[in-house]
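Observations on chain architecture
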Amino acid sequence: MMKSLLTKVIMMFAISVFVVGCGLPRGAAVQSEILDIDDSELPGFAVYPVTRSLLTESANWPRTGGVPNSGWIKRQRGPSTQIIASGDEINLTVWDSEENSLLTAAEEKVVALEGIKVSSDGSIFMPYVERVFISGMTPDEAREIIQQKMEVIVPAAQVQLSLLPGARNSVDLVGGVSSPGRFALESRDMTVLSLLSLGGGVPDGLRNPLIRLNRDGKIYMTSLARLYANPSLDTTLRGGDKVIVEEDIRSFISLGAAGTQDVVYFSKDRLTALEAVSLIGGVQNRRADPQAILILRNYPDNSGQPGVVGPREPRVIFAMDLTSPDGLFSAKKFEVHPDDLVYPTESVATMVEFIFNIVGSAFGVVNRFPQ
């Protein structure tokens, strides 16, 4: 009997040595392996528990990884009329009832003057009246000026004018819609959403569509969802604008004891920590430690320097405890930034259970030995 008990003890000791020596088979670190650092080592990173006080403290810290809203222009309502610009084409129809007209042939009462280009100096050339400056005028104002000029040589003339906008009175919808192309500004109150409608709309399935506006060498950006939610941001377009619709490419990384270990893309402008945990399939049951969900983030290198608002170190670990009310409510408001690493740690309890399972199996093996 004593010999049998001694054998079991020896076997258990051998198994324990084997487990400690070889390490447990696992895919993530436990919290202590990451956060328990000797102060003398000067690790160069800061650890912040995600709590209500942290939300207040970090509100003015720099945003990292880029944001989809970059200096967007609010809407400024414009008149519904068009403005003539260089490069436009003018079509004129002139009626003349005089028998000896300078414009019309015998028995003709009307003449069409089509495809008249507005020159770089803003003028058009007219027979017998030479140049007429019309750039910056509405079509109605230009028609009145042209008719006044014509009346000098044809007193009974009546003028009708139509406008074909050129590049300076058009906008380009470059991509991200069903039918991209160049579209004439029908008025000075045409907006981004109106342009997208002319282009056939944004296709379904485009992840968090972003609107990029190129104007006068500057780039402005916002999300389509933001324009839908706030009509005052539906920017009024100008001639020469270029609009591009593109998919949101911002992402964070999921590793550790998560349901998904992958690059995870942002599905909307801003993601909270709880939403990010949901996107990665939650924390793995019987494996992850809900008291130690970590978010790793890099801030600018000047973080921690005097006069700089931000964390005390550029490399930061945020630790979330999803088992406490404050931790849950704070995680619901704490934002994940692009390029963050979301890392659920391994549960120590799971590792202990794994050891007991091994020891239990060892007892079963020993019990089968002859006594």
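First, a word on what this report is: a plain description of the structure on this page. (Residues numbered from 1 in each chain as written. Predicted model: local features only at pLDDT ≥ 70, side-chain atom pairs only at ≥ 80, totals over all residues. Heavy atoms only, no water.)

**Re the overall build of the chain**
In terms of regular secondary structure, the chain is built from nine helices and 18 strands. Among the 371 residues that make up the chain, the fraction classed as buried is 40%. Across the chain, every contact between residues at least 6 apart in sequence was considered, and the portion connecting residues at least 24 apart equals 68%. (Helix = DSSP H or I, 4+ residues; strand = E, 2+ residues; numbered from the N terminus. Buried < 20%, exposed > 50% of the residue type's maximum accessible area, 1.4 Å probe, protein only. Contact = heavy atoms within 4.5 Å.)

**Some words on the pairing of strand 9 (residues 210-215)**
Here six bridges tie strand 9 to strand 10 (residues 218-223), and the two strands are oriented antiparallel to one another. Its bridge partner lying in strand 10, L213 is registered against Y220. Bridge count for strand 9 against strand 11 (residues 242-246) is five bridges, and the pairing is antiparallel. If you follow L210 over to strand 11, its bridge partner there is E246. (Pairing = 2+ DSSP bridges.)

**Focus on the environment of F183**
Following the sequence through the fold, F183 ends up in strand 8 (residues 181-184). Taking the C-alpha atoms as reference points, F183 and A167, 16 residues apart in sequence, are found 9.2 Å from one another. Excluding its chain neighbours within four sequence positions, the residues that come into contact with F183 are S170, V171, L173, L195, L198 and G199.

**Topic: the packing of aromatic side chains**
Summed over the entire model, instances satisfying the criterion amount to six aromatic pairs. Both rings, one in W61 and one in F318, keep their centres 6.5 Å apart while their planes meet at 35°; by these two values the pair is tilted. Placement of W61 in the loop between helix 3 (52-57) and strand 2 (89-95) and of F318 in strand 16 (residues 315-320) is noted, with a sequence separation of 257 residues between them. Like F318, W61 is buried. With centroids separated by 4.8 Å and ring planes inclined at 55°, the aromatic side chains of F318 and F334 adopt a geometry described as tilted. Of the two residues, F318 sits in strand 16 while F334 sits in the loop between helix 8 (325-333) and strand 17 (335-336), which places them 16 residues apart along the sequence. In this pair, the class of F318 matches that of F334, namely buried. Through a chain of ring-to-ring contacts, three or more aromatic side chains come together here, namely Y48, W61, Y299, F318 and F334. Cation over ring: R207 sits above Y265, and NZ or CZ is 4.1 Å from the ring centre. Lying over the aromatic face of Y48, R312 brings its terminal NZ or CZ to 4.7 Å of the ring centre. (Phe/Tyr/Trp six-rings, centres within 6.5 Å; stacked < 30°, edge-to-face > 60°. Lys NZ or Arg CZ within 6 Å of the ring centre and 35° of its normal.)

**Thoughts on the sheet that holds strand 2**
The three strands are arranged 3-2-6 in an open sheet whose pairing can be described as antiparallel. The open sheet is flanked by strand 3 (110-117) and strand 6 (158-164), the only strands paired with a single partner. Ignoring which end each strand starts from, the neighbouring axes of this sheet average 15° apart. With seven bridges joining them, strand 2 and strand 6 adopt antiparallel strand pairing. If you follow L92 over to strand 6, its bridge partner there is L161. (Axes fitted to C-alpha atoms, helices over the stretch in contact; angles between N-to-C directions.)

**Some remarks on the sheet that holds strand 16**
Judged by pairing direction, the sheet is mixed, and its six strands sit side by side in the order 1-16-15-18-12-13 without closing on themselves. Since the sheet does not close on itself, it has two edges, and those belong to strand 1 (45-49) and strand 13 (263-265), each with one partner. Adjacent strand axes in the sheet meet at a mean angle of 25° when their direction is disregarded. Of the pairings in the sheet, the one linking strand 1 to strand 16 comprises five bridges and is parallel in character. In the strand pairing of strand 16, A46 is matched with V316.

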